[in-house]
Amino acid sequence: MPEDASPLAMFVANWPLFRDPILVASIAGGVLGYLGVYILARRMVFVSAALTQSAGFGVAVAFLLLLFFPAAGLALDPRIWAIGMALATAWLLGRPAAQGASREGLLALAYLFAGACVLVMGTRFHQETHDIEAILFGTGVLVSPDDLALISVVGGLTLGLQVWWRRGFLFASLDPEGAAVRGLPVRWLDGLLMLQIAAMVSLGTRALGVLPVFAFSILPALAASLLVRGPRTALAVATLLGVACGAGGYLLAFLAEFPVGASQTLLAALPVFAALGLRPLRRA
Amino acid sequence: MTEALLTADGLLIGFGKRPLLPPISFAVRPGELWLLVGRNGSGKSTLLRTLVGLVRPVGGSVSRPPGDRIAFLPQRQIRNPAIPLRSVDLVEEGLEAGWSFVRPFRRRESAAAALAALARVEASDLAFASFLDLSEGQRQRVLMARAFVARPSLVVADEPTAAMDLLAEREALGLLDRSRREAGTAVLLVSHHVPSALAVADRLVVVDALEQTVVVGPRAEVAAHPLVERLVAEARGAWPGGVHA
């Protein structure tokens, strides 16, 4: 490769290095983009934030414990801790009347506590600071084959079931009481959706970081909702935007020498701004 | 006598273990329009939600024939503006029941059924409009199409005219009455706009948690009950020159 080669040519030349991270980001972006439509429909934006932060906290705890127990093996696998922490948070938040506190208050508590803990760990263990930043802001250039395999399987199953049972998930999300009266298994569908969100958020957080995962779970769906009229089209557009932002973020980061997570998040925000700008024109 | 579509037998409603009202017994039969009335906080919404299975009864029982089709017409569809939804999409939702969503593809005739249901409530021109851009009256028309699209034997309507002005309310109740007559559907209608609703009702359930009163019977008998007369007078006071039963 000549020294004066263009950044794009260098990117293409180094494709084997970027292939796995881009695949992971595309899969996570697409599936989270799809699920984001339900996160918005159910006004669960803050749930997604709390789950993402909790998953990040799980990863940080696993890293921390590995310092003391380096031979712990699978028991301290950051992915397991991310999923475990996200599921525990989802379960706690799903409990009725959760100890008398408001749901919004508990969501804020989960988000702030988990975020603060990750930052505190970053200041106490300087040698791990890079990892902590990777968790929070998504500097993830290195993705293990295990991460790719796990996200592919879980993402594929999630998207497959979502597309198959789309009508049930939509009805239960948009009008839970009407759906219950019509005999749909609303609680079952709710639980399954939360499980899928928690699993994708935690796996995505381990591989990509908190910031881009939170962005993927909100911004593509928000842009889609502003751009199209029907729910089916919104789901498809949100998925495609998520894929594009996941992959495009890497390219942008490489070309402009930006952090990956920030690039993905900025790219995910662009369609929202564009849709907001176009909205008055569409209504006219 | 035809089989009842919904039977309340000594039904006690409330939250936890404390009943809100005395025991209630009645049976809704095909084609009947039952009006459930009471003041704000009288327990009528709790009664309705108990009848459709959204709230567990404190005592007594609610029964429906197995496999019977029921539809719910809500007070006002609370939709998150973040989710785009056309009227025809919303009406198609009404065709789902139980685990029907596991069929990977909706039948082709579903869209035709939704459009026909919209036509029956004179809302064909709203089919591909965004539901969120519609007026309250238009939204209720679309929701009525959704309630009737699956040809249910019973429609349960929770104050469907609550957000409407008097004219829109009269139109909506007239449409509800016409739809149920055409389809032979029974309707259980909750309303606190008593004078307008009385005009279309066959039978009444009047509840008042404060006075611990439940009155059930045909309109001609129950309309003369002091509680109903008071509700009518209150409504007329709120709307001078309003509709009279």
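Each chain carries its own residue numbering, running from 1 in the direction its sequence is written. Chain letters start at A and ligand numbers start at 1, both assigned in the order the entries are written. With pLDDT at 70 or above as the cut-off, local features in this predicted model cover only qualifying residues; side-chain atom pairs require 80 or more to be listed or tallied, and sums for whole chains, interfaces and linings still use all residues. Side-chain calculation: all heavy atoms of the structure are included, whereas hydrogens and water are not.

S.K.: Which residues make up the sheet that holds strand β9 (residues 186–190) of chain B, and what values do they have?
M.R.: All names here are of chain B. Judged by pairing direction, the sheet is mixed, and its six strands sit side by side in the order β7-β8-β9-β5-β10-β11 without closing on themselves. In the strand order of this sheet, the two ends are held by β7 (70–73) and β11 (213–218), each with one partner. Recorded for the sheet is a direction-independent mean angle of 15° between the axes of neighbouring strands. Across four bridges, the pairing between strand β5 (residues 33–37) and β9 is parallel. Note on β9: the bridge partner recorded for L35 is L189. Any two strands with at least two DSSP bridges between them are considered paired. Working definition: helices are DSSP H or I runs of at least four residues, strands are E runs of at least two. Numbering for both runs from the N terminus. Lines are fitted to the C-alpha atoms to define the axes, a helix being fitted only along its stretch in contact, and any angle between axes, read from their N-to-C directions, falls within 0 to 180 degrees.

S.K.: Provide a residue-level description of the interface of chain A and chain B, including the pertinent values.
M.R.: Residues are treated as being in contact if the distance between any of their heavy atoms lies within 4.5 Å. Between chain A and chain B, the residue contacts involve 30 residues of the former and 37 residues of the latter. Here chain A meets chain B over a buried area of about 3,000 Å², counting both sides, of which 56% is carbon and sulfur. Per-residue buried area on chain A facing chain B is highest for R167, V181 and R182 of chain A; these three make up 28% of the total on that side. By definition, a salt bridge exists where a carboxyl oxygen of Asp or Glu is found within 4 Å of a side-chain nitrogen of Lys or Arg. Ionic pairing is found between D175 of chain A and R146 of chain B, a salt bridge with its closest N-O pair at 2.5 Å. The set of elements that each furnish at least two residues to the side of chain A that touches chain B consists of α2 (15–41), α8 (166–174), α9 (176–181), α10 (186–208) and α12 (231–256) of chain A. Looking at the side of chain A that touches chain B, the element that brings in the most residues is α8 of chain A, giving five residues. Looking at the side of chain A that touches chain B residue by residue, the classes come out as 17 nonpolar, five polar and eight charged. A quick way to say it: buried area is the sum, across both parts, of accessible area lost when two parts are put together, with a 1.4 Å probe. Polarity classes work like this: nonpolar for Ala, Val, Leu, Ile, Met, Phe, Trp, Tyr, Cys and Pro, charged for Asp, Glu, Lys and Arg, and polar for all others, with Gly in that last group.

S.K.: Which residues make up the pattern of salt bridges, and what are the values?
M.R.: A full pass over the atoms with the stated rule returns 23 salt bridges over all chains. Of the charged contacts, one joins R49 of chain B and E177 of chain A as a salt bridge, the two residues approaching to 2.5 Å between their closest N and O atoms. With R49 of chain B in helix α1 (residues 44–51) and E177 of chain A in helix α9, the pair connects residues from two separate chains. Taking the shortest distance from any N to any O, the salt bridge between R86 of chain B and D89 of chain B comes out at 3.0 Å. Assessed through its relative accessible area of 8%, D89 of chain B is described here as buried. Among the charged side chains, a network of salt bridges with common partners joins D77, R79, D146 and D147 of chain A. Per-residue accessibility, obtained with a 1.4 Å probe over protein chains only, is compared with the maximum for each type, and a residue is labelled buried under 20%, exposed over 50%, and partly exposed between these values.

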